[in-house]
Amino acid sequence: FESNLFFSFFELLFGWLCPVNAMENTPHSSYTAVEDAFHRIIQTLTDAQDCIQNKWDDFKHKRSDLEQKMNQYNLAVNGHKRIGLCVGGQMFDTTEETLLKEKETFFWAMLRSGQWQPDDKDGRYFIDRSPEKFSKVLEYLRDGEVWNLSRFSVDETSKLQEEFDFY
């Protein structure tokens, strides 16, 4: 706590124990002086407690900010596990986090099983599906947005639905 609060406490205590004016030694004035000193001491301790609480709150806030910055830093430095996919001969790069956004999906089952291994020397996973349709699936996983299907024909919408059902 602040040093002036510390010294105020001891000044009050010293003033109470060693009154300056001998006239204050009468029983009534001594009682009043002690009571006043006691109230000043309590106020000083309350101020000190408030000061400590404010400093503690500041510390917790700074700690929280620092933890958040450390998490952002670790994410930026370490990144997410990068995943390479070869879908119908076309290469796609994404992150494991993106592929695992939706639970109970093809990617969730395959990546979590530990059995699905990259197929080629570049460490890419091969999927024998349409790359054009897969790009829509990957867009959805990245952004979470569903497109306006009115721009697609009924046949295109049906095929796109099949692709989403597969994944």
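Values in this document were obtained by computation on a predicted structure and should not be read as measured data. (Residues numbered from 1 in each chain as written. Predicted model: local features only at pLDDT ≥ 70, side-chain atom pairs only at ≥ 80, totals over all residues. Heavy atoms only, no water.)

## Notes on unusual backbone geometry
Where we set the bar: Numbering of helices and strands starts at the N terminus; helices are DSSP runs of H or I of at least 4 residues and strands are runs of E of at least 2.
Residues other than glycine seldom take positive phi values, yet Glu104 does so here, at roughly 60°. One can find Glu104 in the loop between helix H3 (96-99) and helix H4 (106-113).

## Examining the pairing of strand S2 (residues 90-95)
Using the following cut-off: Should DSSP find at least two bridges between two strands, the strands are taken to pair.
Pairing between strand S1 (residues 82-87) and S2: six bridges, direction antiparallel. Bridge assignment links Leu85 to a residue of S2, and that residue is Phe92. The turn joining S1 and S2, which pair antiparallel and follow one another in sequence, is formed by two residues; a positive phi near 55° is taken by Gly88.

## With respect to the confidence of the model for the chain
Rule in force here: Each residue carries a pLDDT score, the predictor's confidence in it, ranging from 0 to 100.
The pLDDT averaged across the chain works out to 80; a share of 75% of its residues lies at or above 70. Per-element mean pLDDT across the chain ranges from 57 in helix H1 (residues 3-17) up to 93 in S2.

## Overview of the pattern of salt bridges
To keep things clear, this is the line we draw: A pairing counts as a salt bridge when a side-chain nitrogen of Lys or Arg comes within 4 Å of a carboxyl oxygen of Asp or Glu.
For the structure shown, the criterion picks out five salt bridges. Between Glu67 and Arg63 there is a salt bridge whose closest N-O contact spans 3.2 Å. Taken together, the residues Glu67 and Arg63, both in helix H2 (residues 27-78) and four residues apart, mark about one turn of the helix. Linking Arg129 and Glu163 is a salt bridge whose minimum nitrogen-to-oxygen distance equals 3.0 Å. Note that Arg129 is positioned in the loop between strand S3 (124-127) and helix H5 (131-143) and Glu163 in helix H6 (residues 154-166), a separation of 34 residues in sequence.

## A word on H4
To keep it simple, the criterion reads: Each residue is placed in one exposure class: buried if its accessible area under a 1.4 Å probe, protein chains only, is under 20% of its type's maximum, exposed if it is over 50%, and partly exposed if it falls in between. By definition, the arc is the one covered by directions from the helix axis to the C-beta atoms. In what follows, residue pairs with any heavy atoms lying within 4.5 Å of each other are defined as contacts.
Taken residue by residue, H4 has Phe106, Phe107 and Leu111 as its buried positions. Seen from one end, H4 has its buried residues packed into an arc of 100°, which puts them on one side. Where the residues of H4 are buried, they touch S1, H3, S3, H5 and H6. Of the residues trailing H4, Gly114 is marked for its positive phi of about 80°.

## With respect to the sheet that holds S1
Note: strands within a sheet are paired through backbone hydrogen bonds, in either parallel or antiparallel orientation. Note the following rule: Angles run from 0 to 180 degrees between N-to-C directions of axes, and those axes are lines fitted to C-alpha atoms, restricted for helices to the stretch in contact.
An order of S2-S1-S3 is seen for the three strands of this open sheet, with the pairing classed as mixed. The open sheet has two edge strands, S2 and S3, and neither has a second partner. Taking the axes of each pair of neighbouring strands and ignoring which way they run, one obtains an average angle of 30° across the sheet.

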